[in-house]
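# Structure assessment
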Amino acid sequence: AGNPRSAWAPIPSIVDPAAYPAPRRLSTLADLRGAEIALLVGGTAYRKEWPAKEWDALIALVRAVAKEHGVRWRVTTSRRTPEDVGARLAALAGEGVLAEFIDYRTAGPGSVRALFGADAVVVTEDSMSMLVEGLTAKRPVIGLRSAKVHDGYASEAISAWAAKSWAAPAFGPSLAILPLGTVTAAQFAGTLIKLDPPTLDVRGEIARLIAPVLALDTPAI
């Protein structure tokens, strides 16, 4: 970012926060009962790998959080999700553990868009785009991180996002990263209720950072 005509900025997306009502505030464990949580499941990507035991941990976490805290999971797979993981998530939906399941292989274009209207967004941390999409929608976001991550720019950027203030100064953090392989339902829930929905207009933030680099006036958003 120190190079001439360069700046760090959030990843732009087509998510429009105005398309969704404000999320339900999740400030206590009691608030989680009946809350909608979107889970966007990715897969192995550049410098990110997911051992089988971590997929086991994901299935166990979803089941435990639903049972212990009464959340309504709305889950989607993606093009990188292994087929057997998609099948296991579909089985959870068949058991009634999930309130909604979207199979990327059969879903139509734009099917995932509605999930950003959930009260919180959880993503596998292989996707930088999904992390920022949740924040752009002004939802608190938890990224689930694999233990098998190689050094790279993505980890640096995600660390910066986790440290960034996405909400007004009086509020707390909006993004947290948890280790998928070891996180418990209690740790997950305790982390989620400490997050505040972002108030930052991500599109405006991108414009504010990029306009000076390009010697342009910052547009009004």
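Above this text is the structure in question.
Throughout what follows, the structure given in this document is the object of discussion. Every value quoted in this text rests on a predicted model; they were computed, and no experiment measured them.

Quick look at the nonpolar core now. Residues Trp73, Phe188 and Leu192 are the most contacted members of the largest nonpolar core, which totals 36 residues. If you list the elements that add at least two residues to this core, you get β1 (36-40), α1 (52-69), β2 (72-76), α2 (83-95), β4 (120-124), β5 (141-145), β6 (175-179) and α5 (185-192). The element best represented in this core is α1, accounting for eight residues. Apart from residues no more than four positions distant in its own chain, Trp73 is found in contact with Ile37, Leu39, Val62, Val65, Ala66, Val97, Leu98, Ala99, Glu100, Val122 and Phe188.

Attention now goes to the packing of α1 against α5. At their nearest, the axes of α1 and α5 sit 9 Å apart, and the two run at 70° to each other. Considered as vectors, α1 and α5 are oriented roughly perpendicular to each other. Crossing angle aside, the handedness with which α1 passes α5 is right-handed. Contacts between α1 and α5 involve Leu61, Ala64, Val65, Glu68 and His69 from the first element and Ala185, Phe188 and Ala189 from the second. Partitioning the contact of α1 with α5 into residue classes produces six nonpolar, one polar and one charged.

Moving on: α5. Most of α5 is tucked away: six of the eight residues are buried. Of all the positions in α5, only Ala185, Phe188, Ala189, Gly190, Thr191 and Leu192 are classed as buried. Lining the buried residues of α5 we find β1, α1, β2, β4, β5 and β6.

Inspection of every chain in the model, using the stated rule, returns two aromatic pairs. Here the aromatic rings of Trp73 and Phe188 are separated by 6.0 Å at their centres, their planes lie at 45°, and the arrangement is tilted. Of this pair, Trp73 sits in strand β2 while Phe188 sits in helix α5, and the two are 115 residues apart along the sequence. Judged on exposure class, the residue Trp73 and its partner Phe188 are both buried. Sitting above the plane of the Trp166 ring, Lys164 keeps its charged end 5.7 Å from the centroid.

This part is about the side chain of Ser78. Note on placement: Ser78 falls in the loop between β2 and α2. Engagement of the side chain of Ser78 in a polar contact is seen with the backbone oxygen of Val41, the distance being 3.0 Å. If we ignore the near neighbours within four places in the chain, the residues touching Ser78 are Val41, Gly42 and Tyr104.

To continue, consider the pairing of β2. Taken across its five residues, β2 has four buried, putting it largely inside the fold. The pairing of β1 with β2 spans five bridges and is parallel. The residue bridging Leu40 from the neighbouring strand is Thr76, located in β2. The pairing of β2 with strand β3 (residues 98-102) spans four bridges and is classified as parallel. The residue of β3 that forms the bridge with Trp73 is Leu98. Note on the crossover from β2 through α2 to β3: the handedness is right-handed.

Right, let's talk about the sheet that holds β5 for a bit. Taking strand neighbours across the sheet as the criterion, the six strands line up as β3-β2-β1-β4-β5-β6 in an open arrangement whose pairing is parallel. Of all strands in the sheet, those bounded by a partner on one side alone are β3 and β6. Across the sheet, the mean angle separating the axes of adjacent strands is 20° when strand polarity is ignored. Here β5 runs beside β6; their pairing, made up of five bridges, is parallel. Each residue of the ladder has a partner; that of Gly143, found in β6, is Ile177. Against the sheet, α5 touches β1, β2, β4, β5 and β6, its axis set at about 170° to β6.

Rules and cut-offs
Residues numbered from 1 in each chain as written. Predicted model: local features only at pLDDT ≥ 70, side-chain atom pairs only at ≥ 80, totals over all residues. Heavy atoms only, no water. Core = buried A, V, L, I, M, F, W, Y, C linked by side-chain atoms within 4.5 Å. Buried < 20%, exposed > 50% of the residue type's maximum accessible area, 1.4 Å probe, protein only. Helix = DSSP H or I, 4+ residues; strand = E, 2+ residues; numbered from the N terminus. Contact = heavy atoms within 4.5 Å. Axes fitted to C-alpha atoms, helices over the stretch in contact; angles between N-to-C directions. Parallel < 35°, antiparallel > 145°, perpendicular 65-115°, else oblique. Left-handed = near helix turned anticlockwise from the far one by under 90°. Nonpolar A, V, L, I, M, F, W, Y, C, P; charged D, E, K, R; others polar. Phe/Tyr/Trp six-rings, centres within 6.5 Å; stacked < 30°, edge-to-face > 60°. Lys NZ or Arg CZ within 6 Å of the ring centre and 35° of its normal. Polar contact = N/O pair within 3.5 Å; in protein donor to acceptor, adjacent residues only side chain to side chain. Pairing = 2+ DSSP bridges. Right-handed = clockwise from strand over helix to strand, strands pointing away.

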